[in-house]
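# Per-entry structural report
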Amino acid sequence: MSPAAFPSPRSVRRPVRIALGAAMAVATAATVTACSTSPAKTGNTAATGGGSGKTIQVVAGENFWGSIASQLGGSHVKVTSIITNPDTDPHDYEPTAADARTVAGAQYAIVNGIGYDAWADKLLASNPGSGRTELKVGDLVGVKPGGNPHRWYSPADVHKVIEKITADYKKLDPADAASFDQQKTTFETKTLAGYNKLIADIKAKYAGTPIGASESIVTPLSDGLGLKMLTPETFLDAMSEGTDPTAKDKATIDDQIKNKQIKVYVYNSQNSTPDVQAQVKAAKAAGIPVATVTETLAPAGATFQQWQTTQLQGIEQALAKATGK
């Protein structure tokens, strides 16, 4: 993956709202059965079938969680992710009638929570679904609304989600419990081997290295890698929430770049505002290596591990260039 240096900045994130047409669909979707669900978005969908003959219908609010859920379930699940387009801002997404039908027919729902996808909470509440199991990642990892919602960038939280999804699959389909255990073991020890190794290597080699970032999406990863985030948290949060950063914060970052207090600058290429573009330009001019991340899977067809490994490799290369290690 090599995102364009400066894609068109996304519009300022607005309070989440559900369009009128979608709201009407939500109101009626509870009457739609699972067998009639025919979602438009089917990223990360596994083949059906398997030992018990049961296929768990799963809906994920975002495709990064959907990718993990699909790989953990194998042939015993069918996963539909709602957010699949890299150009879509998950904060501002407006659910469609197809999304409402998908949620109504799901036996298992995975949403991020922590205020990140409030639209998903509304979909779940409007389409109660008989006996549906729901996983809210924020609740699982103990991060309350107002906290950093980007938990898929926290290696520790990713592993907690893996454990929980597997446990929920086993409850929903006890006959295939052994298969789910095997899928989890394979995923954690083999599929994520490259991801886990990069995290361990970066932490061992570059722990404590000061970095700067464009928004709070980078913070959980920085923590997981043992790096030292110097960018003011107030700036990171403002950029993630689509509000204007303070002049004081911008001056602080300018000073950090000018005086090379940070060794690497990491930015979200899907949210490259004029302020961020200016910082990237200044970092490059100062000889500070720049690495990129994205908010959702990029390209859209990538798996969670392909996406994350590519980004980690970019960060590792930037750290190596900056430190000479």
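You'll find the structure just up there.
Structure report, in brief. Just so it is clear, the structure is predicted and the values come from calculations on it, not from any experiment.

### Description of the packing of aromatic side chains
Scanning the model with the defined rule gives 11 aromatic pairs in all. Taken together, a centroid distance of 4.0 Å and an interplanar angle of 20° make the contact between phenylalanine 64 and tryptophan 152 stacked. Placement of the pair is phenylalanine 64 in helix H2 (residues 63-73) and tryptophan 152 in the loop between helix H5 (137-141) and helix H6 (155-172), with a sequence separation of 88 residues. Here the two residues phenylalanine 64 and tryptophan 152 agree in accessibility, since each one is buried. Taken together, a centroid distance of 5.6 Å and an interplanar angle of 65° make the contact between tyrosine 195 and phenylalanine 304 edge-to-face. With tyrosine 195 in helix H8 (residues 193-206) and phenylalanine 304 in helix H13 (residues 304-323), this pair connects stretches of sequence that are 109 residues apart. A network of ring pairs unites the aromatic residues Phe64, Trp65, Tyr116, Trp152, Tyr153, Tyr195, Phe304 and Trp307 as a single cluster.

### Remarks on H6
With 18 residues, H6 should cover 26 Å at 1.5 Å per step; its first-to-last C-alpha distance of 26 Å lies within 8% of that length. Among the residues of H6, those classed as buried are Pro155, Asp157, Val158, Val161, Ile162, Ile165, Thr166, Asp168, Tyr169 and Leu172.

### Some details on unusual backbone geometry
Look at the link from alanine 298 to proline 299: it is a cis peptide, with omega at -5°. Within the secondary structure, proline 299 is located in the loop between strand E8 (290-293) and H13. Phi is positive for isoleucine 114, which is not a glycine, with a value near 60°. With respect to the helices and strands, the residue isoleucine 114 is situated in the loop between strand E3 (108-111) and helix H4 (118-126).

### Topic: the environment of isoleucine 211
Relative to the assigned elements, isoleucine 211 resides in strand E5 (residues 210-213). With relative accessibility at 2%, the residue isoleucine 211 sits in the buried group. Along the sequence, isoleucine 211 and valine 264 sit 53 residues apart, while their C-alpha atoms lie 4.9 Å from each other. Setting aside residues up to four positions removed in sequence, isoleucine 211 forms contacts with Val218, Ser222, Leu227, Lys228, Met229, Leu230, Thr231, Ile262, Val264, Val266 and Leu319.

### Considering the pairing of E8
Alternating residues of E8 divide into Ala291 and Val293, all buried, and Val290 and Thr292, none buried. As defined by bridge partners, strand E7 (residues 264-268) adjoins E8 across four bridges and the pair is classed as parallel. Each bridged residue has a counterpart across the sheet, and for tyrosine 265 the counterpart in E8 is valine 290. The handedness of the E7 to E8 crossover, carried by helix H12 (residues 274-285), is right-handed.

### Remarks on the sheet that holds strand E4 (residues 133-136)
Strands belonging to one sheet form pairs held by backbone hydrogen bonds; the direction of such a pair is parallel or antiparallel. As summarised here, the arrangement of the four strands in space is E2-E1-E3-E4, forming an open sheet in which the pairing is parallel. Of all strands in the sheet, those with a lone pairing partner are strand E2 (77-83) and E4, marking the two edges. Strand-to-strand twist of the sheet, defined as the mean angle between neighbouring strand axes without regard to direction, takes the value 15°. Bridge count between strand E1 (residues 56-62) and E2: six bridges; the pairing is parallel. Its bridge partner being in E2, valine 59 is matched across the sheet by threonine 80. On top of the sheet, H4 reaches E1, E2, E3 and E4; it is set at about 155° to E3, its chief contact.

Conventions adopted
Residues numbered from 1 in each chain as written. Predicted model: local features only at pLDDT ≥ 70, side-chain atom pairs only at ≥ 80, totals over all residues. Heavy atoms only, no water. Phe/Tyr/Trp six-rings, centres within 6.5 Å; stacked < 30°, edge-to-face > 60°. Helix = DSSP H or I, 4+ residues; strand = E, 2+ residues; numbered from the N terminus. Buried < 20%, exposed > 50% of the residue type's maximum accessible area, 1.4 Å probe, protein only. Expected span 1.5 Å × (residues − 1). Contact = heavy atoms within 4.5 Å. Pairing = 2+ DSSP bridges. Right-handed = clockwise from strand over helix to strand, strands pointing away. Axes fitted to C-alpha atoms, helices over the stretch in contact; angles between N-to-C directions.

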